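Listed here are the chains, written in short residue letters.
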Amino acid sequence: MIKLFTLKQQKKDGEQKGSGGQQKKASAAQLRIQKDISEMNLPKTCVTEFPDADDLLNFKLIISPDEGFYRDGRFVFNFRVGSNYPHEPPKVKCATQVYHPNIDLEGNVCLNILREDWNPVLTINSIVYGLQFLFLEPNPEDPLNKEAADVLQSNRRQFEYNVKKAMRGGCVGETYFECCLLK
Amino acid sequence: MSVPSPNPGLSLHSKRWNGLRHILEREGPFCKDDFTASPDNLDFLQTKSEVLIIGAGGLGCELLKDLALMGFGNLHVIDMDTIELSNLNRQFLFRRTDIGSSKAECAARFINGRVPTCRVTPHFKKIQDFDDSFYQQFHLIVCGLDSIVARRWINGMLLSMLRYEDDGTIDVSSIVPMIDGGTEGFKGNARVILPGFTACIECTLDLFPPQVNYPLCTIANTPRLPEHCVEYVKLIQWDKENPFNVPLDGDDPQHIGWIYERAVERANEFNIAGITYRLVQGVIKHIIPAVASTNAVIAAACAMEVFKLATSCYDSMSNYLNFNDLDGIYTYTYEPEKSENCLACSNKPQLLPIEDPNTTTLDDVIKSLCDSPRFQLKSPALTTVMKDGKQRTLYMSTVKSIEEATRKNLTQSLGELGLQDGQQLTVTDPTSPSAMTLQLKYQANEVEMN
């Protein structure tokens with residue numbers, strides 16, 4: 001091991017020297033999120049929006065799929081990154097009401113890397129791709145909106161019709177969906 | 001609180017310290033190079049050393065007891081918590097009448113009353129309530145924490161206190177070693193962190209076990225475990241029904257009671273047995289049962305490291321001890337390496353000389369970062385923490401909405417932006433795997449600030 005120092009001598013001179021670290025330092029979570037955000041490589045269907053450019057911990061992601069069931073829709077997600085990032089994943093909620101097997105009507109999203117499979121090597125970019133994938137390949141096996149999942153499994157045509165109807169603004173079953181088509 | 005009368009034999013010159021004297025007043029084959037056998041060593045321990053204990057819970061009580069009885073004369077302890085009934089089985093410095101009082105204050109009062117050679121100063125505060133001037137007064141910091149956020153915070157604080165010599169090496173007098181203990185049931189670990197030299201908390205962040213999270217779809221549709229039902233109520237029903245019009249508070253018995261009732265309803269619906277009030281509490285507050293003996297072992301290992309560092313009588317453990325007595329006893333010590341790319345400890349501030357902050361614009365700085373052979377960056381993103389502690393994004397070209405909001409900063413001078421001599425900028429760039437810290441160094445003496 002490094003031949004280090006003697007604590008005994010250390011403070012005698014250390015005390016007078018004053019602090020070298022009086023400069024405010026960014027937290028490790030801040031450093032990491034800055035890295036994630038400045039190097040984000042988004043597909044052309046995704047765009048981020050930062051309401052406050054100084055606050056990199058809270059932002060929106062807007063996904064506008066250009067193929068699949070959800071083509072021409074516009075879906076907004078709110079990201080909240082906590083001080084324990086990347087040990088803990090960001091909290092992500094869907095702010096647009098959507099008829100989707102893996103997103104419930106409160107905006108909860110069932111994506112494995114947002115919960116049980118999160119890992120500190122993953123980045124914000126990984127989540128964006130995960131969310132994008134949900135719109136291309138809705139997964140009826142792990143449903144949050146069970147009715148939507150059942151329809152997708154039993155009758156793809158009907159599911160496609162329901163999605164279009166919901167996106168145009170209308171009722172599917174008892175639930176009313178606001179229009180979320182690209183203007 | 002009543003404390004038994006102090007042992008009069010426990011004074012500085014009593015025979016009580018003969019054991020320590022054998023170690024500290026005699027040379028031995030295993031002493032560190034800088035060790036000199038002398039009565040000064042014991043004197044240093046008892047009168048000069050200042051050790052901070054973070055946390056006065058399960059590990060903290062053990063640490064206070066161990067260090068006080070080991071001869072340390074000046075201890076400080078920080079804890080923001082108050083004593084609860086469920087602490088009393090293992091946090092032996094507290095009594096039933098102390099419930100509701102500050103852990104730090106009660107623990108200090110107990111030790112002060114019982115060990116006359118030790119003076120404990122309590123701080124009924126959060127660690128974040130203090131700045132570097134507080135932490136600088138200590139030779140050593142020992143942590144008995146239950147939170148990763150707190151560990152990361154104190155780790156960052158100790159790293160930010162490092163000073164560098166002109167040749168870029170660390171000024172060893174600015175190092176405050178951190179000894180970190182942690183326990184979880186029958187498992188525990190103890191580690192020695194020499195900030196800037198050995199692996200820090202961020203270097204090994206992925207060693208922390210991830211929080212147990214159940215898939216949301218399982219919770220919502222196919223619950224099988226009582227925990228799934230509790231999580232359902234916590235995640236879905238609470239927000240939907242918002243029974244008390246406030247965010248969920250795991251310490252409020254009314255909240256836990258409500259969750260318990262709803263969880264039982266849901267469990268009945270799916271024929272799941274085993275929901276109890278305690279289980280609900282455990283799931284909501286992520287409680288892992290604490291085992292007193294594990295705390296004792298880990299605290300003892302930590303106290304030993306404090307003693308070795310404080311006296312130089314032996315090399316420190318290198319540097320990470322695992323302990324597990326779930327099935328027999330298993331321990332293993334190994335040396336995680338300091339990560340070259342660690343965002344926290346391999347990010348030594350680099351000086352950036354600025355001729356005149358009143359004429360140099362942010363754009364000039366960015367151009368020089370791209371053009372200079374020293375940096376050769378491609379599209380640097382710059383942020384800083386202002387004097388008031390507020391995070392500020394100076395410029396980021398890669399994200400459209402941030403670029404638009406920060407473009408106006410490019411034409412401003414550093415002075416106009418309120419950046420001061422010595423201020424640190426965090427720079428990320430695609431050419432580098434980690435963030436870089438630049439420290440502004442103004443050549444012109446006076447900076448006009450309005």
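Residues take numbers from 1 onward in each chain, read along the sequence in its written order. Chains carry letters and ligands carry numbers; both start at the beginning, A for chains and 1 for ligands, and go up in the order they are written. The predicted nature of this model means local features are confined to residues of pLDDT at least 70 and side-chain atom pairs, given and counted, to a pLDDT of 80 or more, with totals for whole chains, interfaces and linings taken over all residues. With hydrogens and water excluded, all non-hydrogen atoms of the structure serve as input to the side-chain values.

Looking at an unreviewed UniProt entry, one finds chain B named NEDD8-activating enzyme E1 catalytic subunit and attributed to Drosophila pseudoobscura pseudoobscura. UniProt positions are given in the numbering used here, feature names are shortened, and annotations may be inferred rather than shown by experiment. Chain B has a UniProt comment under Pathway (unreviewed entry) that states "Protein modification; protein neddylation." UniProt lists a comment for chain B under the heading Function (unreviewed entry), and it reads "Catalytic subunit of the dimeric E1 enzyme, which activates NEDD8."

Identification of chain A as E2 NEDD8-conjugating enzyme from Drosophila persimilis is taken from an unreviewed UniProt entry. What UniProt records for chain A under Catalytic activity (unreviewed entry) is the sentence "[E1 NEDD8-activating enzyme]-S-[NEDD8 protein]-yl-L-cysteine + [E2 NEDD8-conjugating enzyme]-L-cysteine = [E1 NEDD8-activating enzyme]-L-cysteine + [E2 NEDD8-conjugating enzyme]-S-[NEDD8-protein]-yl-L-cysteine." Chain A has a UniProt comment under Sequence similarities (unreviewed entry) that states "Belongs to the ubiquitin-conjugating enzyme family."

(A) Representation of the pairing of strand β3 (residues 75-80) of chain A. Note that strand β2 (residues 58-63) of chain A and β3(A) share 6 bridges and pair antiparallel. By the bridge assignment, F59(A) is partnered in β3(A) with F79(A). When DSSP locates at least two bridges between a pair of strands, those strands are taken to pair. Under the scheme used here, helices are H or I runs from DSSP no shorter than 4 residues and strands are E runs no shorter than 2 residues, and both carry numbers assigned from the N terminus.

(B) Spotlight on the packing of aromatic side chains. Any pair of Phe, Tyr and Trp rings, taking the six-membered ring for Trp, is counted once the centres come within 6.5 Å. Such a pair is stacked with planes under 30 degrees apart, edge-to-face with planes over 60 apart, and tilted for the rest. Applying the stated criterion across every chain yields a total of 21 aromatic pairs over all chains. Seen in terms of ring centroids, Y99(A) and F159(A) are 5.7 Å apart; in terms of plane orientation they differ by 35°. Their pairing is tilted. Of this pair, Y99(A) sits in the loop between β4 (91-94) and α3 (124-136) while F159(A) is found in helix α5 (residues 156-168), placing the two residues 60 residues apart along the sequence. In this pair, the class of Y99(A) matches that of F159(A), namely buried. The interplanar angle of 85° and the centroid separation of 5.4 Å between the aromatic rings of W238(B) and W258(B) together place this pair among those described as edge-to-face. Of the two residues, W238(B) is situated in helix α8 (residues 226-241) and W258(B) in helix α9 (residues 253-269); the sequence distance between them amounts to 20 residues. Taken together, F130(B), F134(B), Y135(B), F138(B) and W153(B) form an aromatic cluster joined through their ring pairs. In this structure, R16(B) packs its charged tip against the face of W17(B), placed 5.0 Å from the ring centre. In this analysis the charged atom, NZ for Lys or CZ for Arg, is taken to sit over a ring once it is within 6 Å of the ring centre and within 35 degrees of the ring normal. Directly above the ring of Y232(B) sits R266(B), whose terminal nitrogen or CZ lies 3.4 Å from the centroid. Type-normalised accessible area, obtained with a 1.4 Å probe on protein chains alone, sets the label of each residue: buried when under 20%, exposed when over 50%, and partly exposed for intermediate values.

(C) Representation of the packing of α9(B) against helix α10 (residues 277-285) of chain B in the model. Residue and element names in this part refer to chain B. Working convention: axes come from line fits to C-alpha atoms, limited for helices to the stretch in contact. Angles between N-to-C directions cover 0 to 180 degrees. Running from N to C, α9 and α10 cross one another at 110°; their axes reach a closest spacing of 9 Å. The orientation of α9 relative to α10 falls into the category roughly perpendicular. Considering how the two elements wind past one another, α9 and α10 form a crossing that is right-handed. In this structure, α9 contributes P253, I256, G257, I259 and Y260 to the contact, and α10 contributes Y277, V280, Q281 and I284. Working definition: roughly parallel below 35 degrees, roughly antiparallel above 145 degrees, roughly perpendicular at 65 to 115 degrees, and oblique for all remaining angles. By the definition used in this description, the sense in which the near helix is turned from the far one sets the handedness, with an anticlockwise turn below a right angle giving left-handed and a clockwise turn giving right-handed. Contacts were defined at the residue level, with two residues in contact if any of their heavy atoms lie within 4.5 Å.

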